[in-house]
Amino acid sequence: MYEKSKQLFDRAQKSIPGGVNSPVRAFKSVGGTPVFIKTAKGAYLYDVDGNKYIDYIASWGPMILGHAYEPVVKAIQEYANYSTSFGAPTELEIEMAELICSMAPNVDLIRMVSSGTEACMSAIRLARGFTGKNKIIKFEGHYHGHADSFLVKAGSGLATFNIQTVPGVTAGVANDTLTSPFNNLDAVKKLVLENKGEIAAIITEPIAGNMGCILPQQGFLEGLRKICDEEGIVFILDEVMTGFRLAAGGAQEKLKINADLVTYGKVIGGGMPVGAFGGKKEIMQHIAPLGNVYQAGTLSGNPIAMIAGYTMLKELKNNPSIYTELEEKTIYLKNGLNIALQKWGQPFIINQFGSMLSIHFSDHPVIDFATASTANNDLFKQYFHGMLNKGIYLPPSAFESWFLNNALTKSELDYTIEATAEVLKNFKQN
Ligand code: KE4
C-alpha cells in the first residue's frame, strides 16, 4: 500500500534533514511513513504507490479551489515563457497590489514577500521601527512562521513535537517575546501593565489554526484592539491562513475587526511561494526605500508567483459565492462528523469557522493551547491512520486545522463521514 513511499522516505533521509523540507510533513506525531505525493487534481491527491486520497490539507491552505485549478495552471504556463524572474519592477506587481488593496480592509500599502514567515517577521520589525519599542506579545499555540521572535511557545510543528524552546533562538530575542494564553484578555492586560511603554505590537491569528482550529471568544479581539488603541501598540492580524480563505476580506471582514498591519500567505500565492504584509500608510511608509525599516527579497513579487496568486484572487473576488459554498460544505461535514463520532462513545469537540475545522478528542471546550494539549492524541493517531487507509488525507497532527477546498462535493463529504463511523468501530482503547 505504501511501499514506494517507504523507499522514497528512506532515500530522502539520506540527503534531507528528516527526509522532508518542512517538519509537519514527516508524520512524526502520528507515526508511520509520510506518503509521497505524485500528482493532484481537484479534491484528490495521488501518491507514488497509486493510492488516491480526498485532500483536507490543501497544501496547508493555498489550494482553496482544488488542485491544478485550470486558470491558474494556464496562467503559470503562459508566463513561464516570458522568463521566470527579472529582479526588476513589473506592471503585474502593481496589478497584484491593487487587487489586494481592493479586497483587504485597512490595507493602504502592501509589500510582497515569499512566505508567511517573511511577512510576519517583516511586520514585527516594522512595528518595532515605527514605535521605537522592542517587545511583542504573541499567543501560546499561535504560529507566525519560524523567525526567531516567534519560536516561543509556538503552535504548528512546535506544538506537534512539543518544542517549547528552540535551540539557536537567543535569550535576547526570546526575552522580547511575551506570551499569553489565547482568549485571555486579563493575561494580556497584565503583560501590558508589567511592560508599560515597551510593547511594539500584539500579533495574533484571528482564527487560530496552528493548535487545531480555535475561535476567538466574544470580545477578545475587540479587547486587543482597544488595548492597542489605548497603549499605542501596533495591532497585527496574522491572516496567513485566514486571508482570502474566510472571505475576500479575510477575518477582518468576517469578524469586523480592524488591524493596523495584516500579514498574508498561502491562498495569496495560489500554491506558489508568496507572502505579503500591508496596512495603514502612516506605518507602511516606514518600509525601505520609503523609510528606513529595511526589508527586501530577490524573488519578492516574482512574476510566476504573482500571476498564480493574481489569477486565484481574481477568481475569488469575482465569485464570492465560493465562500458561501465552502462554508456550507464545511458545516455539512461538521454535522455529519458529529453524528459519526458519537458512535465511538469517546469525548470529542469539533471546532469550525468558515472552511477551517478541527477535531479534538477532549471532553471540554478547546479554547486555547492548554485545552488543546489535553486532548487524547493517541486516539487522534488511530483516527488519522484509519482515515488514511480509507483514502482520506487529514493533517498529520492534532495541532493543525483541516482546510477544505471548493472542489470537494457532497460525495467526498459523505464518504468522509461514513469512513469516520467505520474507523471508529475498530478503535482500541490503549
Ligand atoms: P510559511 O512561512 O510557512 O509560508 O507561513 C508561516 C505561517 C505564518 N502564519 C500562520 C498563521 C501560519 O499558519 C503559517 C504556516 N502554517 C503552517 C501550517 N500550520 C505551514 C505548514 C508548514 O510549516 O509546513
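So, how was this worked out
- Residues numbered from 1 in each chain as written.
- Predicted model: local features only at pLDDT ≥ 70, side-chain atom pairs only at ≥ 80, totals over all residues.
- Heavy atoms only, no water.
- Helix = DSSP H or I, 4+ residues; strand = E, 2+ residues; numbered from the N terminus.
- Rg over C-alpha atoms; globule rule 2.2 N^0.38 Å.
- Buried < 20%, exposed > 50% of the residue type's maximum accessible area, 1.4 Å probe, protein only.
- Contact = heavy atoms within 4.5 Å.
- Expected span 1.5 Å × (residues − 1).
- Arc of directions from axis to C-beta.
- Domains from an automatic or database assignment.
- Buried area = accessible area lost by both parts, 1.4 Å probe.
- Salt bridge = Lys/Arg side-chain N within 4 Å of Asp/Glu carboxyl O.
- Polar contact = N/O pair within 3.5 Å; in protein donor to acceptor, adjacent residues only side chain to side chain.
- Phe/Tyr/Trp six-rings, centres within 6.5 Å; stacked < 30°, edge-to-face > 60°.
- Near = heavy atom within 4 Å.
- Areas by Shrake-Rupley, 256 points an atom, 1.4 Å probe, with all protein chains shown as cover.
- Pairing = 2+ DSSP bridges.
- Right-handed = clockwise from strand over helix to strand, strands pointing away.
- Axes fitted to C-alpha atoms, helices over the stretch in contact; angles between N-to-C directions.

All right, on to the overall build of the protein chain then. Tallying secondary structure elements over the protein chain gives 15 helices and 14 strands in all. For the protein chain, whose C-alpha radius of gyration is 21 Å, the value lies close to the compact-globule estimate of 22 Å for 430 residues. Principal-axis analysis of the C-alpha atoms gives the protein chain an extent of 60 × 55 × 45 Å. The buried share of the protein chain, taken over its 430 residues, is 57%. Intrachain contacts of the protein chain at a sequence separation of at least 6 include 72% that bridge at least 24 residues.

A rise of 1.5 Å per residue sets the reference length of helix 12 (residues 321-342), with its 22 residues, at 32 Å; its end C-alpha atoms lie 32 Å apart and thus fit the reference within 8%. Every buried residue of helix 12 is listed here: Ile 322, Tyr 323, Leu 326, Lys 329, Thr 330, Leu 333, Gly 336, Leu 337, Ala 340 and Leu 341. Buried residues of helix 12, seen end-on, are gathered within an arc of 160° and therefore sit on one face of the element. In helix 12, those exposed residues whose orientation departs by more than 90 degrees from the buried face are Glu 328, Ile 339 and Gln 342.

Segmenting the protein chain into domains produces domain 1 (3-68 + 320-425) and domain 2 (70-318). Taken together, the contacts link 38 residues of domain 1 with 41 residues of domain 2. Carbon and sulfur atoms make up 67% of the area that domain 1 and domain 2 hide from each other, which totals about 3,200 Å². It is Tyr 323, Phe 353 and Phe 369 in domain 1 that bury the most area against domain 2; as a group they hold 24% of the surface buried on that side. Across the pair Glu 70 and Lys 41 runs a salt bridge whose closest N-O atoms are separated by 3.6 Å. Put simply, domain 1 and domain 2 have 12 residue pairs in polar contact (both at pLDDT 80 or more) between them. At the level of elements, helix 12, strand 11 (349-353), strand 12 (356-360) and helix 13 (369-373) are the ones that each hand at least two residues to the side of domain 1 that touches domain 2.

With that settled, the discussion passes to the packing of aromatic side chains. Pairs of aromatic rings are described using the distance from one ring centre to the other and the angle between the two planes. The final tally for this structure, using the stated rule, is 14 aromatic pairs. Between Phe 27 and Tyr 393, the aromatic rings sit 6.4 Å apart at their centres with planes inclined by 40°, giving tilted as the arrangement. With Phe 27 in the loop between helix 1 (3-12) and strand 1 (37-41) and Tyr 393 in strand 13 (residues 392-393), the pair connects residues that are 366 residues apart, well separated along the chain. Look at Phe 27 and you get buried, because its relative accessible area is 1%. When the ring of Trp 344 is compared with that of Tyr 383, the centres are 6.0 Å apart and the planes differ by 85°; the resulting orientation is edge-to-face.

Within the structure, the ligand sits among 17 residues, and Ser 22, Thr 117, Asn 210, Asp 238 and Glu 400 are positioned closest to it. In this structure, Gly 116 approaches the ligand through a main-chain N or O atom, which is 3.0 Å from an oxygen atom. When the ligand is considered free in solution it has 550 Å² of accessible area, and contact with the protein chains removes 88% of it. Residues lining the shell around the ligand come from more than one domain, with at least three contributed by each of domain 1 (3-68 + 320-425) and domain 2 (70-318).

All right, on to the pairing of strand 9 (residues 261-264) then. Judged by which residues are buried, strand 9 turns out to be covered on both faces: Leu 261 and Thr 263 on one side and Val 262 and Tyr 264 on the other are all buried. Sheet analysis places strand 8 (residues 234-238) next to strand 9, joined by 3 bridges and oriented parallel. From the neighbouring strand, Asp 238 faces strand 9, where its bridge partner is Thr 263. For the handedness criterion, the β-α-β arrangement of strand 8, helix 9 (residues 250-255) and strand 9 is classed as right-handed. Note: strand 9 against strand 10 (residues 275-279), 4 bridges, orientation antiparallel. Bridge assignment links Leu 261 to a residue of strand 10, and that residue is Gly 279.

The next subject is the sheet that holds strand 9. Reading across from one edge, 4-10-9-8-7-5-6 is the order of the 7 strands in this open sheet, with mixed pairing throughout. Pairing within the sheet leaves two strands with one partner each, and these edge strands are strand 4 (109-113) and strand 6 (177-180). Across the sheet, the axes of successive neighbouring strands diverge by a mean angle of 20°, strand direction being ignored. The strands touched by helix 3 (residues 91-103) are strand 4 and strand 9; relative to strand 4, the strand with the most contacts, the crossing angle is about 125°. The sheet contacts of helix 7 (residues 185-194) involve strand 5 (135-139), strand 6 and strand 7 (199-204), and relative to strand 6 the element is tilted by about 150°.

Moving on: the side chain of Thr 177. Looking at the element boundaries, Thr 177 is found in strand 6. Here Ser 149 takes part through its backbone oxygen, which lies 2.7 Å from a polar atom of the side chain of Thr 177. In this structure, Thr 177 is in contact with Ile 136, Lys 138, Ser 149 and Val 152, ignoring residues within four places of it in sequence.

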